[in-house]
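Inside the fold
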Amino acid sequence: MATFRTTRPAHRAALLTTSIALPVLLGACGSDSGGTTVPSTASASTVPTATTVPSTGDTRCRTSELRASVGRLDPGAGQKNFPVVLTNDSTRTCTLRGYPGVAFVDGAGKQLGLLPKRSDAELTTVRLAPGESAWAGLSFTNPELSEAETATPAELLVTPPDEREQLKVTWEKGDVPVGGNRSSVFLTVFGPGTGP
(Lines give C-alpha, C1' and ligand atoms only; values in the text may rest on other atoms or scores of the structure.)
Protein backbone atom coordinates (compact mmCIF):
# COMPACT_ATOMS: atom_id res chain seq x y z
CA MET A 1 0.00 0.00 0.00
CA ALA A 2 1.34 3.42 -0.94
CA THR A 3 1.72 5.99 1.79
CA PHE A 4 1.86 9.74 1.29
CA ARG A 5 3.90 12.09 3.38
CA THR A 6 3.33 15.81 3.40
CA THR A 7 6.49 17.80 3.43
CA ARG A 8 6.71 20.80 5.77
CA PRO A 9 6.64 23.40 2.94
CA ALA A 10 3.54 21.74 1.42
CA HIS A 11 1.84 21.59 4.84
CA ARG A 12 2.54 25.32 5.40
CA ALA A 13 1.15 26.19 1.96
CA ALA A 14 -2.07 24.25 2.70
CA LEU A 15 -2.54 26.10 6.01
CA LEU A 16 -1.93 29.46 4.34
CA THR A 17 -4.49 28.68 1.62
CA THR A 18 -7.07 27.69 4.26
CA SER A 19 -6.48 30.82 6.33
CA ILE A 20 -6.96 33.06 3.26
CA ALA A 21 -10.05 31.23 1.98
CA LEU A 22 -11.85 31.19 5.35
CA PRO A 23 -12.46 35.00 5.61
CA VAL A 24 -13.84 35.01 2.05
CA LEU A 25 -16.35 32.30 2.95
CA LEU A 26 -17.29 34.00 6.23
CA GLY A 27 -17.72 37.35 4.45
CA ALA A 28 -20.43 35.85 2.24
CA CYS A 29 -22.63 34.93 5.23
CA GLY A 30 -25.55 37.14 6.35
CA SER A 31 -24.92 39.92 8.88
CA ASP A 32 -26.64 40.45 12.23
CA SER A 33 -28.24 43.66 10.91
CA GLY A 34 -30.70 41.67 8.80
CA GLY A 35 -29.03 42.60 5.51
CA THR A 36 -27.24 40.41 3.06
CA THR A 37 -23.47 40.77 3.09
CA VAL A 38 -21.86 41.09 -0.31
CA PRO A 39 -18.08 40.62 -0.49
CA SER A 40 -16.24 43.28 -2.45
CA THR A 41 -13.81 42.46 -5.23
CA ALA A 42 -10.35 42.25 -3.69
CA SER A 43 -6.93 42.10 -5.26
CA ALA A 44 -4.44 39.45 -4.19
CA SER A 45 -2.73 41.95 -1.89
CA THR A 46 -5.85 43.05 0.06
CA VAL A 47 -8.03 41.44 2.70
CA PRO A 48 -11.64 40.98 1.52
CA THR A 49 -14.14 43.50 2.88
CA ALA A 50 -17.93 43.41 2.87
CA THR A 51 -20.76 45.88 2.41
CA THR A 52 -24.32 45.46 3.64
CA VAL A 53 -27.30 45.88 1.34
CA PRO A 54 -31.00 45.56 2.28
CA SER A 55 -32.16 41.95 2.29
CA THR A 56 -35.28 40.88 0.41
CA GLY A 57 -37.50 41.04 3.51
CA ASP A 58 -36.22 44.45 4.67
CA THR A 59 -38.68 47.10 3.45
CA ARG A 60 -37.45 50.05 5.54
CA CYS A 61 -36.75 53.21 3.54
CA ARG A 62 -33.05 54.09 3.65
CA THR A 63 -31.81 57.67 3.77
CA SER A 64 -30.19 57.24 0.35
CA GLU A 65 -33.59 56.34 -1.13
CA LEU A 66 -35.40 59.44 0.14
CA ARG A 67 -35.73 63.14 -0.65
CA ALA A 68 -36.75 65.59 2.11
CA SER A 69 -38.69 68.84 1.90
CA VAL A 70 -40.72 71.15 4.12
CA GLY A 71 -44.25 72.01 2.98
CA ARG A 72 -46.20 75.24 3.25
CA LEU A 73 -47.11 76.91 6.53
CA ASP A 74 -50.44 75.74 7.97
CA PRO A 75 -51.18 78.36 10.69
CA GLY A 76 -53.70 77.87 13.44
CA ALA A 77 -54.52 79.17 16.95
CA GLY A 78 -51.20 80.95 17.41
CA GLN A 79 -49.27 77.96 16.07
CA LYS A 80 -46.95 77.55 13.11
CA ASN A 81 -47.31 74.11 11.57
CA PHE A 82 -45.20 72.67 8.77
CA PRO A 83 -45.24 69.23 7.13
CA VAL A 84 -41.83 67.57 6.98
CA VAL A 85 -42.09 65.44 3.85
CA LEU A 86 -40.06 62.41 2.81
CA THR A 87 -40.49 61.19 -0.76
CA ASN A 88 -39.41 57.78 -2.04
CA ASP A 89 -36.82 58.59 -4.69
CA SER A 90 -35.88 54.94 -5.32
CA THR A 91 -37.21 52.30 -7.70
CA ARG A 92 -38.49 49.97 -4.94
CA THR A 93 -41.41 50.18 -2.53
CA CYS A 94 -40.27 50.90 1.03
CA THR A 95 -41.80 51.76 4.41
CA LEU A 96 -41.54 54.44 7.09
CA ARG A 97 -42.69 53.85 10.67
CA GLY A 98 -42.72 56.34 13.52
CA TYR A 99 -41.11 59.76 13.76
CA PRO A 100 -38.35 61.46 11.81
CA GLY A 101 -35.43 62.95 13.66
CA VAL A 102 -35.27 66.72 13.06
CA ALA A 103 -32.96 69.50 14.20
CA PHE A 104 -32.58 73.16 13.27
CA VAL A 105 -28.97 74.18 12.55
CA ASP A 106 -27.18 77.42 11.72
CA GLY A 107 -24.84 78.02 8.78
CA ALA A 108 -21.97 76.36 10.65
CA GLY A 109 -24.04 73.24 11.36
CA LYS A 110 -24.52 74.03 15.06
CA GLN A 111 -27.85 72.90 16.51
CA LEU A 112 -30.29 75.66 17.45
CA GLY A 113 -32.62 75.00 20.38
CA LEU A 114 -33.70 71.66 21.77
CA LEU A 115 -34.82 68.63 19.81
CA PRO A 116 -38.61 68.52 19.21
CA LYS A 117 -40.90 66.73 21.63
CA ARG A 118 -42.79 63.79 20.16
CA SER A 119 -46.56 63.71 20.24
CA ASP A 120 -48.33 60.86 22.00
CA ALA A 121 -49.59 58.88 19.05
CA GLU A 122 -49.84 55.30 17.88
CA LEU A 123 -47.06 54.38 15.49
CA THR A 124 -48.21 53.46 12.02
CA THR A 125 -46.35 52.05 9.02
CA VAL A 126 -46.59 54.06 5.79
CA ARG A 127 -45.88 52.15 2.58
CA LEU A 128 -44.30 54.26 -0.15
CA ALA A 129 -44.23 53.18 -3.77
CA PRO A 130 -41.62 54.97 -5.91
CA GLY A 131 -42.52 58.68 -6.05
CA GLU A 132 -44.94 58.56 -3.10
CA SER A 133 -44.55 60.66 0.06
CA ALA A 134 -45.19 60.63 3.80
CA TRP A 135 -45.27 63.59 6.17
CA ALA A 136 -44.83 64.34 9.85
CA GLY A 137 -46.08 67.57 11.45
CA LEU A 138 -43.57 70.04 12.92
CA SER A 139 -45.21 72.74 15.04
CA PHE A 140 -44.41 75.47 17.54
CA THR A 141 -46.08 78.51 19.04
CA ASN A 142 -45.65 81.60 16.88
CA PRO A 143 -42.56 83.28 18.40
CA GLU A 144 -44.19 86.70 18.00
CA LEU A 145 -46.88 85.58 20.45
CA SER A 146 -44.81 83.43 22.80
CA GLU A 147 -41.96 85.94 23.24
CA ALA A 148 -39.54 83.01 23.10
CA GLU A 149 -35.92 83.59 22.17
CA THR A 150 -35.61 83.02 18.42
CA ALA A 151 -33.09 82.27 15.69
CA THR A 152 -33.27 81.85 11.94
CA PRO A 153 -31.94 78.41 10.97
CA ALA A 154 -29.97 77.83 7.81
CA GLU A 155 -31.16 74.24 7.47
CA LEU A 156 -33.42 71.59 8.92
CA LEU A 157 -31.70 68.22 9.31
CA VAL A 158 -34.08 65.30 8.79
CA THR A 159 -33.22 61.73 9.79
CA PRO A 160 -35.60 58.99 8.56
CA PRO A 161 -36.80 56.47 11.21
CA ASP A 162 -34.16 53.89 12.20
CA GLU A 163 -31.50 55.58 10.05
CA ARG A 164 -28.38 57.54 11.01
CA GLU A 165 -27.66 59.55 7.88
CA GLN A 166 -29.42 62.89 7.60
CA LEU A 167 -31.03 64.80 4.77
CA LYS A 168 -30.55 68.58 4.65
CA VAL A 169 -33.37 70.95 3.78
CA THR A 170 -32.74 74.67 3.35
CA TRP A 171 -34.94 76.47 5.93
CA GLU A 172 -36.84 79.37 4.36
CA LYS A 173 -39.70 79.61 6.87
CA GLY A 174 -38.39 82.35 9.16
CA ASP A 175 -37.55 82.43 12.87
CA VAL A 176 -38.03 79.45 15.17
CA PRO A 177 -38.10 79.37 18.99
CA VAL A 178 -34.79 78.27 20.50
CA GLY A 179 -34.99 79.39 24.15
CA GLY A 180 -37.32 80.52 26.92
CA ASN A 181 -40.35 79.02 28.63
CA ARG A 182 -42.42 78.62 25.46
CA SER A 183 -39.79 77.43 23.05
CA SER A 184 -40.96 73.84 22.64
CA VAL A 185 -41.20 72.38 19.17
CA PHE A 186 -43.45 69.35 18.60
CA LEU A 187 -43.40 66.51 16.10
CA THR A 188 -46.08 64.02 14.98
CA VAL A 189 -45.76 60.52 13.50
CA PHE A 190 -45.59 59.93 9.78
CA GLY A 191 -48.79 59.70 7.77
CA PRO A 192 -49.32 59.22 4.02
CA GLY A 193 -49.25 62.18 1.63
CA THR A 194 -47.55 65.57 1.68
CA GLY A 195 -49.47 67.34 4.42
CA PRO A 196 -52.87 68.34 5.77
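A brief look at the structure comes next.

Definitions and cut-offs
Residues numbered from 1 in each chain as written. Predicted model: local features only at pLDDT ≥ 70, side-chain atom pairs only at ≥ 80, totals over all residues. Heavy atoms only, no water. Disulfide = S-S within 2.5 Å. Helix = DSSP H or I, 4+ residues; strand = E, 2+ residues; numbered from the N terminus. Buried < 20%, exposed > 50% of the residue type's maximum accessible area, 1.4 Å probe, protein only. Core = buried A, V, L, I, M, F, W, Y, C linked by side-chain atoms within 4.5 Å. Phe/Tyr/Trp six-rings, centres within 6.5 Å; stacked < 30°, edge-to-face > 60°.

As a further point, take the state of the cysteines. Across all of its chains, the model carries 1 disulfide by this definition. Residue pairing for Cys61: its cysteine sulfur links by disulfide to Cys94, the two sulfurs lying 2.1 Å apart. Judged by the sign of its S-S torsion, about 90 degrees, the bond between Cys61 and Cys94 is right-handed. Linking Cys61 in the loop between β2 (50-53) and β3 (66-70) with Cys94 in strand β5 (residues 94-97), this pair joins segments that are 33 residues apart in sequence. Given a relative accessible area of 0%, Cys94 falls into the buried group.

This paragraph deals with the nonpolar core. Judged by nonpolar contacts, the single largest core of 29 residues is most densely connected at Leu86, Leu96, Phe104, Leu138, Leu156, Val158 and Trp171. The leading source of residues in this core is strand β10 (residues 133-141), at 4 residues.

Right, let's talk about the packing of aromatic side chains for a bit. For the structure shown, the criterion picks out 3 aromatic pairs. Pairing Phe82 with Trp171 gives two aromatic rings, centres 5.3 Å apart and planes at 70 degrees, and the pair type is edge-to-face. One end of the pair, Phe82, is in strand β4 (residues 79-88); the other, Trp171, is in the loop between β13 (167-170) and β14 (176-179), with 89 residues separating them in the sequence. Judged by relative accessible area, which is 3%, Phe82 ranks as buried. What makes Trp171 buried here is its relative accessible area of 5%. In this structure an aromatic cluster arises from ring pairing among Phe82, Phe104, Phe140 and Trp171.

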